[in-house]
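# Architecture at a glance
Here is how the chains run, residue by residue.
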Amino acid sequence: MKTCKGIECQLCIKACPTKALYWKTGEVAIIDDLCVYCTSCVLNCIVDDCIEVERRRNENTSEKFSTPTQVLALGENTNSQKRHDNIMRILPDNEAYLKRYCKPLFSSEAG
Ligand code: SF4
Ligand code: SF4
């Protein structure tokens, strides 16, 4: 594991579409249940082997990726239907997306 550039960086956290990553006292932490294995964090990290995601499979096996090369290899083995289903589970419709990511610009209580 190489050295994380720290709290000023957070490129991985900004890149995560499901907000599965957060800054936890000195390191990036992951909420496993929110991860859809999109690989954006690893592809956006400026240091190879800095952030590592473990993809657990039902058969008690897992695969890890922490470099763009591993991401490419994983992509060839990943069932796109499963990825789609995972994303739809977390963001089933536009409303769910807006609720998670968009804050109102103005409060209706203004005035
Ligand atoms: S692989 Fe998981 S943690 Fe990384 S950006 Fe995608 S959803 Fe977020
Ligand atoms: S894991 Fe990588 S992208 Fe995330 S904060 Fe550290 S150096 Fe930046």
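Everything below is about the structure shown above.
Described below are features of the structure shown in this document.

Parameters at a glance
Counting restarts for each chain, with residues numbered from 1 along the sequence as it is written. Think of it this way: whatever chain is written first is A, whatever ligand is written first is 1, and the rest follow in order. Under the rules for a predicted model, residues below a pLDDT of 70 receive no local features and side-chain atom pairs below 80 are neither given nor counted, while totals for whole chains, interfaces and linings still include all residues. Numbering of helices and strands runs from the N terminus, with a helix taken as a DSSP run of H or I at least four residues long and a strand as a DSSP run of E at least two residues long. Once C-beta atoms are placed from the backbone, each residue is buried if 20 or more other C-beta atoms lie within 10 Å of its own, exposed if 12 or fewer, and partly exposed for counts between those two. Placing C-beta atoms from the backbone, we regard two residues as in contact once those atoms come within 7 Å. Any residue qualifies as near a molecule or strand once its backbone-derived C-beta atom lies within 6 Å of it. Lys, Arg, Asp and Glu make up the charged group, whereas Ala, Val, Leu, Ile, Met, Phe, Trp, Tyr, Cys and Pro make up the nonpolar group; the residues left over, Gly among them, are polar. Pairing between strands is defined by DSSP: at least two bridges between the two strands are required.

## Considering the overall build of the chain
Scanning the chain for helices and strands turns up 5 helices and 4 strands. Overall, the chain shows an N-to-C arrangement of helices and strands of α-β-β-α-β-β-α-α-α. Per-residue burial for the chain yields a buried fraction of 13% across its 111 residues. Residue pairs in contact within the chain that sit at least 24 positions apart in sequence constitute 43% of those at least 6 positions apart.

## Structural notes on unusual backbone geometry
Keep in mind that most residues, glycine aside, have a negative phi and that most peptide bonds are trans. Not every positive phi belongs to a glycine, and threonine 39 is a case in point at roughly 80 degrees. Relative to the assigned elements, threonine 39 resides in the loop between β2 (27-30) and α2 (40-44). Despite not being glycine, aspartate 49 shows a phi value in the positive range, around 65 degrees. Within the secondary structure, aspartate 49 sits in the loop between α2 and β3 (53-56).

## Examining the site of ligand 2
Lining the immediate surroundings of ligand 2 are 13 residues, of which Cys4, Lys5, Cys9, Cys12 and Cys45 lie closest. Residue composition of the shell around ligand 2, by class: 10 nonpolar, 2 polar and 1 charged.

## Regarding the pairing of strand β1 (residues 21-24)
Taken together, the 4 bridges between β1 and β2 define a ladder with antiparallel strand orientation. For leucine 21, the partnering residue across the bridge sits in β2 and is isoleucine 30.

## Here's the deal with the site of ligand 1
Surveying the vicinity of ligand 1 reveals 14 residues, the closest of which are Cys16, Cys35, Cys38, Ser40 and Cys41. When the residues that make up the shell around ligand 1 are grouped by side-chain class, the tally is 11 nonpolar, 3 polar and no charged.

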